[in-house]
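The residues making up each chain are set out below.
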Amino acid sequence: MPEYTDQTNRRVYLADIPLRIVSLVPSITEYLADLELEDRLVGITKFCIHPASAYQNIMRIGGTKDFKIDKIENLLPDLIIANKEENEPNGVNALSRQFPVWVSQISSVADALDMMDSLGNITGKTELAYRWLQEVNDGFSKLAKHTISKKPRVLYLIWRKPYMAAGSDTYISSVMEHLGWENALSALGAAGTRYPEITKELFMSLKPDCILLSSEPYPFGEKHIDELEPYALKSALLADGEAFSWYGSRMAKSMPYLLRLQKEITG
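Residues numbered from 1 in each chain as written. Predicted model: local features only at pLDDT ≥ 70, side-chain atom pairs only at ≥ 80, totals over all residues. Heavy atoms only, no water.

Some words on the overall build of the chain
Helix and strand counts for the chain come out as 12 helices and 11 strands. Dimensions of the chain, computed from the C-alpha atoms along their principal axes, are close to 55 × 35 × 35 Å. Evaluated residue by residue, the chain yields a buried proportion of 54% over its 267 residues. A total accessible area of about 12,400 Å² is found for the chain, and carbon and sulfur atoms account for 50% of it. (Helix = DSSP H or I, 4+ residues; strand = E, 2+ residues; numbered from the N terminus. Buried < 20%, exposed > 50% of the residue type's maximum accessible area, 1.4 Å probe, protein only. Areas by Shrake-Rupley, 256 points an atom, 1.4 Å probe, with all protein chains shown as cover.)

Structure below.
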């Protein structure tokens, strides 16, 4: 029986290549579809919006936090894919007692690449996984060519009322580093918190060159730029949340956007 180790160092045993997969992670659902595994997906969450064909045709088993265990049980999956941060841990543990559950833990671009490689191996799609990995690595190589020695300090907001930002120990921050930016939180004690609250006083102390307003999980829009621009030394801009927080094949698809944004902020 094949044995695998997930990203939380749990051992996962599979009888064979999985043919009935439940994905509890939206970005991984998209990646599996791009590995030509859509026909093996039997359950996804209501937030698994990419690709549209999967969202329309595959059973939705609830959200990432409130997935329905009974629905998943009825699907008789031979593999469930979860994420340590996105999914409710008690539910994941309950499913692990019945089914093979591979848990991802993504805090950096390197973690995301490891996930892509691992799932390619587990699902028997190593060649396609390699192609996606190559495309992602090529994209990050292009980003590296445009970095400069004096890094712009960027604050990435994910929530409003209260304002919250991505700390340095996050996948978002790792993407920012690959863009040649410094996370404005990295020099402060708040950097030790994954998503710290940003008070007015902290805004004034941070003095970021740029504030990015993410499209998710809070849907920042043009109307919020005016209220935040006074806290940035240069600019406040809207940011595509999927480009910064979705991993897998979305990393490759987001490269043209990230290159444009890099040039706008880095100069």
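As for the packing of aromatic side chains
Applying the stated criterion across every chain yields a total of 7 aromatic pairs. With 5.5 Å between their ring centres and 85° between their planes, Y171 and Y247 make a pair best called edge-to-face. Of this pair, Y171 sits in helix α7 (residues 171-178) while Y247 sits in the loop between α10 (241-245) and α11 (249-253), and the two are 76 residues apart along the sequence. The exposure classification of Y171 matches that of Y247, with both residues buried. A cation sits over an aromatic face here: R60 above Y55, 3.9 Å from the ring centre. (Phe/Tyr/Trp six-rings, centres within 6.5 Å; stacked < 30°, edge-to-face > 60°. Lys NZ or Arg CZ within 6 Å of the ring centre and 35° of its normal.)

Structural notes on unusual backbone geometry
Look at the link from K161 to P162: it is a cis peptide, with omega at 0°. Relative to the assigned elements, P162 resides in the loop between β7 (153-159) and β8 (164-165). Although it is not a glycine, E36 sits at a positive phi angle of roughly 65°. Among the secondary structure elements, E36 is positioned in the loop between α1 (26-34) and β4 (41-43). Taking the relative accessible area as the measure of exposure, E36 reaches 54% and is therefore exposed. The backbone of K161 sits at a positive phi, close to 55°, despite the residue not being glycine. Along the chain, the position of K161 falls in the loop between β7 and β8. According to the relative accessible area criterion, K161 is exposed, its value standing at 68%.

With respect to the pairing of strand β6 (residues 101-104)
Residue alternation in β6 divides its side chains into two sets, V101 and V103 and W102 and S104, and both sets are buried. Looking at chain direction, strand β5 (residues 79-83) and β6 are connected through 4 bridges and run parallel. Looking at β6, one finds that I81 is bridged to W102. Tracing the backbone out of β5, into helix α4 (residues 89-96) and back to the parallel element β6 gives a crossover that is right-handed. (Pairing = 2+ DSSP bridges. Right-handed = clockwise from strand over helix to strand, strands pointing away.)

Side note on the environment of L41
Summarising the element assignment, L41 is placed in strand β4. Classification of L41 by relative accessible area gives buried; the value is 6%. The contact partners of L41, leaving out residues within four places of it in the chain, are I21, S23, T29, L32 and I58. (Contact = heavy atoms within 4.5 Å.)

Brief notes about the packing of helix α5 (residues 109-122) against helix α6 (residues 126-144)
A packed helix pair is summarised by two numbers, namely the angle formed by the two axes and the spacing between the axes. The contact between α5 and α6 brings their axes to 7 Å, and the two run at 165°. By the angle between their axes, α5 is roughly antiparallel relative to α6. Crossing of α5 over α6 shows right-handed handedness. For the pair α5 and α6, the contacting residues are V109, L113, M116, D117, G120 and N121 in the first and T126, A129, W132, L133, V136, N137 and F140 in the second. Its residues assigned to classes, the contact of α5 with α6 comprises 8 nonpolar, 4 polar and 1 charged. (Axes fitted to C-alpha atoms, helices over the stretch in contact; angles between N-to-C directions. Parallel < 35°, antiparallel > 145°, perpendicular 65-115°, else oblique. Left-handed = near helix turned anticlockwise from the far one by under 90°. Nonpolar A, V, L, I, M, F, W, Y, C, P; charged D, E, K, R; others polar.)

Quick notes on the pairing of β7
For β7, the tally of buried residues reaches 5 of 7 residues, placing the bulk of the element in the interior. Relative to strand β9 (residues 182-183), β7 is paired through 2 bridges, and the arrangement is parallel. When the bridges of β9 are listed, R153 appears paired with E182. As paired elements, β7 and strand β10 (residues 210-214) share 4 bridges and run parallel to each other. The residue bridging L155 from the neighbouring strand is I211, located in β10.

Details of the sheet that holds β6
By way of backbone hydrogen bonds, the strands of a sheet pair with one another, either parallel or antiparallel. Reading across the sheet, the 4 strands line up as β4-β3-β5-β6 and stay open at both edges, with parallel pairing between neighbours. The sheet terminates laterally at β4 and β6, the two strands that pair on one side only. The mean angle between the axes of side-by-side strands here comes to 30°, regardless of whether they run parallel or antiparallel. Inspection of the sheet shows strand β3 (residues 21-23) paired to β5 by 3 bridges, in the parallel sense.

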